[in-house]
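Single-letter residue listing:
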Amino acid sequence: MAETCRQVLKDCGVNPERLALEWASAAEGPRFVELITDYVRRITALGPLGEGAGEPGWDVLATRLEAAVKAAGVPKVRTAYGTFAKKMHQEGHYTGDAIEDGVSSKVFPTFRQERLLLEVRDCLREGPKAISDLVVVTGAGEEELSGILSAFEKKGLASDTGSGWVLKGE
Amino acid sequence: MSKTQFKPRILGFFCHWCCYAAADAAGVARYQYPPNVRVVRVLCTGRIDVRFVLEAFRCGSDGVFTGG
């Protein structure tokens, strides 16, 4: 779960260090205090969300994260996630590297694809957009986006008007 | 806003049996710790889903702390 989150956050442009997963047993009050104090210090050093080093502005992040939240609920993504978890249990490989590799090859590509699909659709709903606008908002490459757009076109969902892409029938 | 004034808003997902109890113990023992964490108590850390974390960031939290 944490690894998937980290990779998706990184893809959206959020510093993955903003997500922490720590352990403190019920008897470890002082350790908990230490963890929290340390963590708050790290986040304070990073600055507000969208203003940390290498992070795009909040407007861009909000659209990306919105699409990512929706993508997380798409059955295709859930299936990829579940299948990988099952495989991991069968094989019994629980090392950090194995999880990282597995997530990046089995779960993350589907997740990213679904996020981009949803995000492009959301963006086009707001009005006609050129590919270069979409590149800025989604953070994806031009080739990847034109692939998505031509898939939309084939399904009759969107069309290129010359001044930008628009959704049909909305 | 200068960096010294920046007070991060952090969402904490705490396991009822571990971290939540630890936070409770820390409070009872009167340890001082930063007040920036808003806590959501979950019955098990395994309950937390990718969607929870992403939603937290979408709502503008500066960090998500998961405590098991």
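Before reading on, note that the structure itself is shown above.
Read on for an overview of the structure. (Residues numbered from 1 in each chain as written. Chains lettered and ligands numbered in written order. Predicted model: local features only at pLDDT ≥ 70, side-chain atom pairs only at ≥ 80, totals over all residues. Heavy atoms only, no water.)

Glancing now at the layout of surface pockets. Unoccupied space between atoms shows up once a probe the size of one water molecule is rolled over them. Residue and element names in this part refer to chain A. As a volume, the largest pocket reaches approximately 440 Å³. What lines the largest pocket is a set of 20 residues, and nearest its centre among them are Met1, Ala2, Tyr81, Met88 and Ile99. Mapped onto the lining of the largest pocket, the elements with two or more residues apiece are helix H1 (2–12), helix H4 (75–91) and helix H5 (96–125). Looking at the lining of the largest pocket, the element that brings in the most residues is H4, giving 7 residues. When grouped by side-chain class, the residues that make up the lining of the largest pocket number 11 nonpolar, 7 polar and 2 charged. (1 Å grid on protein atoms, 1.4 Å probe; cavity = no way out; pocket = protein on both sides within 12 Å on 5 of 7 lines; lining within 4 Å. Points joined across faces, edges and corners; volume = space filled by probe spheres on them. Helix = DSSP H or I, 4+ residues; strand = E, 2+ residues; numbered from the N terminus. Nonpolar A, V, L, I, M, F, W, Y, C, P; charged D, E, K, R; others polar.)

Attention now goes to the sheet that holds strand S3 (residues 63–67) of chain B. By definition, the strands of a sheet pair up through backbone hydrogen bonds, in either a parallel or an antiparallel sense. The strand order across the open sheet formed by 4 strands is S1(A)-S3(B)-S1(B)-S2(B), and the pairing between neighbours is parallel. Since the sheet does not close on itself, it has two edges, and those belong to strand S1 (19–22) of chain A together with strand S2 (37–42) of chain B, each with one partner. Here the strands of the sheet are splayed against their neighbours by 20 degrees on average, with no regard to which way each runs. Here strand S1 (residues 10–15) of chain B runs beside S2 of chain B; their pairing, made up of 6 bridges, is parallel. In the sheet register, glycine 12 of chain B faces S2 of chain B, and the bridge partner there is valine 39 of chain B. The strands touched by helix H2 (residues 29–46) of chain A within the sheet are S1 of chain A together with S1, S2 and S3 of chain B, with S3 of chain B carrying the most contacts at an inclination of about 165 degrees. With respect to the sheet, helix H1 (residues 19–28) of chain B is in contact with S1, S2 and S3 of chain B, its orientation differing from that of S1 of chain B by roughly 105 degrees. (Pairing = 2+ DSSP bridges. Axes fitted to C-alpha atoms, helices over the stretch in contact; angles between N-to-C directions. Contact = heavy atoms within 4.5 Å.)

What follows deals with helix H3 (residues 58–72) of chain A. An α-helical segment advances 3.6 residues per turn. Residues three or four places apart therefore align on the same side. Over its 15 residues, H3 of chain A runs 20 Å from end to end, which matches the ideal 21 Å to within 8%, given 1.5 Å per residue. For H3 of chain A, every residue scored as buried is listed here: Val60, Leu61, Arg64, Leu65, Ala67, Ala68, Val69, Ala71 and Ala72 of chain A. Next to the buried residues of H3 of chain A lie H1, H4, H5 and helix H6 (131–138) of chain A together with helix H2 (50–58) of chain B. (Expected span 1.5 Å × (residues − 1). Buried < 20%, exposed > 50% of the residue type's maximum accessible area, 1.4 Å probe, protein only.)

To continue, consider the pattern of salt bridges. Residues and elements named next belong to chain A. As enumerated under the stated definition, the model contains 16 salt bridges over all chains in all. We note a salt bridge from arginine 18 to glutamate 55, for which the minimum N-O separation is 3.0 Å. Placement of arginine 18 in the loop between H1 and S1 and of glutamate 55 in the loop between H2 and H3 is noted, with a sequence separation of 37 residues between them. As far as burial versus exposure is concerned, arginine 18 and glutamate 55 are alike and both buried. The structure contains a network of salt bridges with shared partners spanning Asp11, Arg112, Arg115, Glu119 and Glu144. (Salt bridge = Lys/Arg side-chain N within 4 Å of Asp/Glu carboxyl O.)

Inspection of every chain in the model, using the stated rule, returns 1 cavity of 30 Å³ or more. Considering only enclosed or pocket space, the largest cavity measures out at about 50 Å³ in volume. For the largest cavity, the full set of lining residues is Thr4, Ala72, Val77, Arg78, Tyr81 and Phe111 of chain A together with Asp49 and Val50 of chain B. Among the elements that line the lining of the largest cavity, the one with the most residues is H4 of chain A, at 3 residues. Tallied by class, residues from the lining of the largest cavity come to 5 nonpolar, 1 polar and 2 charged.

Let us look at the nonpolar core. Counting residues in hydrophobic clusters, the biggest one holds 29 residues, and the most contacted among them are Phe111 of chain A together with Leu54 and Phe57 of chain B. Where this core is concerned, the elements lending two or more residues are H1, H3 and H5 of chain A together with S1 and H2 of chain B. Sort the elements by how many residues they give to this core and H3 of chain A lands first, with 7 residues. Ignoring sequence-local partners within four residues, the contact set of leucine 54 of chain B consists of Val8, Leu9, Leu65, Ala68, Val69, Ala72 and Phe111 of chain A. Residues Ala20, Leu35 and Tyr39 of chain A together with Cys19 of chain B belong to the second largest nonpolar core, which totals 18 residues. (Core = buried A, V, L, I, M, F, W, Y, C linked by side-chain atoms within 4.5 Å.)

Summarising the element assignment, aspartate 62 of chain B is placed in the loop between H2 and S3. For the buried aspartate 62 of chain B, no salt bridge exists, and the shortest N-O distance to an oppositely charged side chain is 4.6 Å, to arginine 9 of chain B. Here the side chain of aspartate 62 of chain B touches leucine 49 of chain A through a polar contact of 2.8 Å, landing on its backbone nitrogen. Residues in contact with aspartate 62 of chain B, not counting those within four places in the same chain, are Arg18, Ile43, Pro48 and Leu49 of chain A together with Phe6, Lys7, Pro8, Arg9 and Phe57 of chain B. (Lys, Arg positive; Asp, Glu negative; His and termini not counted. Polar contact = N/O pair within 3.5 Å; in protein donor to acceptor, adjacent residues only side chain to side chain.)

Put simply, an interface is often sized by how much accessible area is lost when its parts join up. Listed per partner, the contact involves 42 residues of chain A and 38 residues of chain B. If you look at where chain A meets chain B, you find 2 salt bridges. In this structure, the salt-bridge partner of arginine 78 of chain A is aspartate 49 of chain B, at a minimum N-O distance of 2.7 Å. Connecting chain A to chain B are 11 residue pairs in polar contact (both at pLDDT 80 or more). Mapped by element, the contributors of at least two residues to the side of chain A that touches chain B are H1, S1, H2, H3 and H4 of chain A. For the side of chain A that touches chain B, the element with the most residues is H2 of chain A, which contributes 12 residues. Classifying every residue of the side of chain A that touches chain B gives 30 nonpolar, 7 polar and 5 charged. Here 4 bridges tie S1 of chain A to S3 of chain B, and the two strands are oriented parallel to one another. Across the sheet, the residue bridging to leucine 21 of chain A is threonine 66 of chain B, located in S3 of chain B.

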